[in-house]
Amino acid sequence: MTLHSFFNFLQREIAPVSLSDEFCAKYGMHDNSGIIINAGGDVGHALFTLDFSPAAVSFAEENGCDVIVTHHPAIFYGINRIDVTSDRLSESIARCLKGGISVISMHLNADSADSGIDRYLMQGLGGENEIAVMNVLSCGGYGRVYDVAPVPFAKYCERVKREFNATRSIFYGDGERVTSKVASFCGAGCDEQSIKFALEYGADTFVSSDLKHHHITALTQAGCKVIQLTHYASENYGFERICRKAAEKSDIPVSYFTDENYL
């Protein structure tokens, strides 16, 4: 299969890059999704992974993968120089080019697709259908408020830790208070806008990652409990499920790499 054929398959079955373009244009975001490295050859084995890391490249080399599909853009902004002696990104790029490994990134489009990372986060947290979506797109969206089966916060936290293998999570709130309506935002989704959205729709629990102290205090002082997952845990859960969907529909083998150091 050619690289462009595989890329078109991902756009058709998972999420088109046009969804990233729409997200950026409508909500003032920046992205760099699409084919990031074209190593020039056909693809016969794909690796999905959250980050374009040396560990992921090693996994691809060891398992004969000739395309890596990342969630976070392999190159997010422009690169001024390549130096394989001191820069890990340069090293990873050089190894892929030498080894004939192409790289595709699916970032905001994978976040916001109908069956995307943000929706999978909701489902992992016990929600089925959102009450409201913060950033609405023509197909899908980002940031959700939804009902969950009522449960004491302490028990809900334990469930979240198990479901997401989230060993490095932080929880704020009275463990005896009931969680029944959740607002969640995959990745670094906590800001003034998402806090306002969550509180306006009556969320009693807020779930995201990379939270700043003043956002945590704003939420807790408003009576909202807070679950802070690692950025990796909040998105790896959904991207792995995207990989499973691709594996079911793809004509080539598909593997997945998780770096458990970041869960």
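Above: the structure in question.
Quick summary incoming for the structure in this document. Keep in mind it's a predicted model, so treat the numbers as computed, not measured.

1. Considerations on the overall build of the chain
Then, in step 1: Of regular secondary structure, the chain possesses 10 helices and 11 strands.
Then, in step 2: For the chain, the C-alpha radius of gyration of 19 Å lies close to 18 Å, the compact-globule estimate for 263 residues.
Then, in step 3: With respect to the three principal axes, the spread of C-alpha positions in the chain is 55 × 40 × 35 Å.
Then, in step 4: Residue burial in the chain is summarised as follows: out of 263 residues, 53% are buried.
Then, in step 5: Residue pairs in contact within the chain that sit at least 24 positions apart in sequence constitute 68% of those at least 6 positions apart.
Then, in step 6: Summed over all atoms, the accessible surface of the chain reaches about 11,500 Å², with 48% contributed by carbon and sulfur.
Then, in step 7: Charged side chains of the chain number 22 positive and 33 negative; the gap between the two group centres comes to 4 Å.

2. Re helix α7 (residues 153-164)
Then, in step 1: Across its 12 residues, α7 extends 16 Å between first and last C-alpha, which sits within 8% of the 16 Å expected from 1.5 Å per residue.
Then, in step 2: Of the positions making up α7, those classed as buried are Phe 153, Tyr 156, Cys 157, Val 160 and Phe 164. Along the axis of α7, the buried residues cluster in a sector spanning 100 degrees; they form a single face. Structural note: α7 exposes Lys 155 and Arg 162 on the side pointing more than 90 degrees away from its buried face.

3. Some words on the nonpolar core
Then, in step 1: Counting residues in hydrophobic clusters, the biggest one holds 69 residues, and the most contacted among them are Phe 6, Leu 10, Phe 48, Phe 206 and Phe 239.
Then, in step 2: Among the elements that make up this core, the one with the highest residue count is helix α10 (residues 231-249) (seven residues).
Then, in step 3: Ignoring anything within four residues of it in the chain, the contact list for Leu 10 reads Ala 15, Phe 48, Val 69, Ile 104 and Met 106.

4. Comments concerning the packing of helix α6 (residues 117-124) against α10
Then, in step 1: At a minimum axis distance of 8 Å, the contact between α6 and α10 shows a crossing angle of 105 degrees. For the element pair α6 / α10, the angle class is roughly perpendicular. Here Ile 117, Tyr 120, Leu 121 and Gly 124 of α6 come into contact with α10, specifically with Ser 234, Glu 235, Tyr 237, Gly 238, Phe 239, Arg 241 and Ile 242.
Then, in step 2: Grouping the amino acids of the contact of α6 with α10 by side-chain chemistry returns six nonpolar, three polar and two charged.

5. Notes on the pairing of strand β5 (residues 130-136)
Then, in step 1: In terms of strand pairing, β5 meets strand β6 (residues 141-152) through five bridges, oriented antiparallel. For Asn 135, the partnering residue across the bridge sits in β6 and is Tyr 142.
Then, in step 2: If you look at the hairpin formed by β5 and β6, you'll find four residues sitting between the two strands, and Gly 140 has a positive phi there, around 95 degrees.

6. Side note on the pairing of strand β2 (residues 46-49)
Then, in step 1: Across the two faces of β2 the burial is the same, with Ala 46 and Phe 48 and Leu 47 and Thr 49 all buried.
Then, in step 2: Note on the crossover from β2 through helix α3 (residues 54-62) to strand β3 (residues 67-70): the handedness is right-handed.
Then, in step 3: In this structure, β2 lies alongside strand β11 (residues 254-257), joined through four bridges in parallel fashion. Among the inter-strand pairings, Phe 48 is bridged to a residue of β11, identified as Tyr 256.

7. Details of the pattern of salt bridges
Then, in step 1: Per the stated rule, a full pass over the model turns up 10 salt bridges.
Then, in step 2: A salt bridge links Arg 144 to Asp 118, with the shortest nitrogen-to-oxygen separation between them at 2.7 Å. One end of the pair, Arg 144, is in strand β6; the other, Asp 118, is in helix α6, with 26 residues separating them in the sequence. No difference in accessibility class separates Arg 144 from Asp 118, as the two residues are buried.
Then, in step 3: Across the salt bridge formed by Glu 240 and Arg 244, the nearest N and O atoms sit 3.9 Å from each other. With a gap of four residues between them, Glu 240 and Arg 244 both fall in helix α10, about one helical turn apart.
Then, in step 4: With a relative accessible area of 26%, Glu 240 lands in the partly exposed category.
Then, in step 5: A relative accessible area of 44% places Arg 244 in the partly exposed class.

8. Notes on the state of the cysteines
Then, in step 1: Evaluated as defined, the whole model comprises zero disulfides.
Then, in step 2: The cysteine Cys 157 is free of any disulfide, with Cys 224 supplying the nearest cysteine sulfur at 12 Å.
Then, in step 3: Cysteine Cys 186 remains unbridged, with the sulfur of Cys 190 as its closest cysteine sulfur at 13 Å.

About the thresholds
- Residues numbered from 1 in each chain as written.
- Predicted model: local features only at pLDDT ≥ 70, side-chain atom pairs only at ≥ 80, totals over all residues.
- Heavy atoms only, no water.
- Helix = DSSP H or I, 4+ residues; strand = E, 2+ residues; numbered from the N terminus.
- Rg over C-alpha atoms; globule rule 2.2 N^0.38 Å.
- Buried < 20%, exposed > 50% of the residue type's maximum accessible area, 1.4 Å probe, protein only.
- Contact = heavy atoms within 4.5 Å.
- Areas by Shrake-Rupley, 256 points an atom, 1.4 Å probe, with all protein chains shown as cover.
- Lys, Arg positive; Asp, Glu negative; His and termini not counted.
- Charge placed at Lys NZ, Arg CZ, Asp CG, Glu CD.
- Expected span 1.5 Å × (residues − 1).
- Arc of directions from axis to C-beta.
- Core = buried A, V, L, I, M, F, W, Y, C linked by side-chain atoms within 4.5 Å.
- Axes fitted to C-alpha atoms, helices over the stretch in contact; angles between N-to-C directions.
- Parallel < 35°, antiparallel > 145°, perpendicular 65-115°, else oblique.
- Nonpolar A, V, L, I, M, F, W, Y, C, P; charged D, E, K, R; others polar.
- Pairing = 2+ DSSP bridges.
- Right-handed = clockwise from strand over helix to strand, strands pointing away.
- Salt bridge = Lys/Arg side-chain N within 4 Å of Asp/Glu carboxyl O.
- Disulfide = S-S within 2.5 Å.

In short, the description is geometric, and any link to function would need to be established separately.
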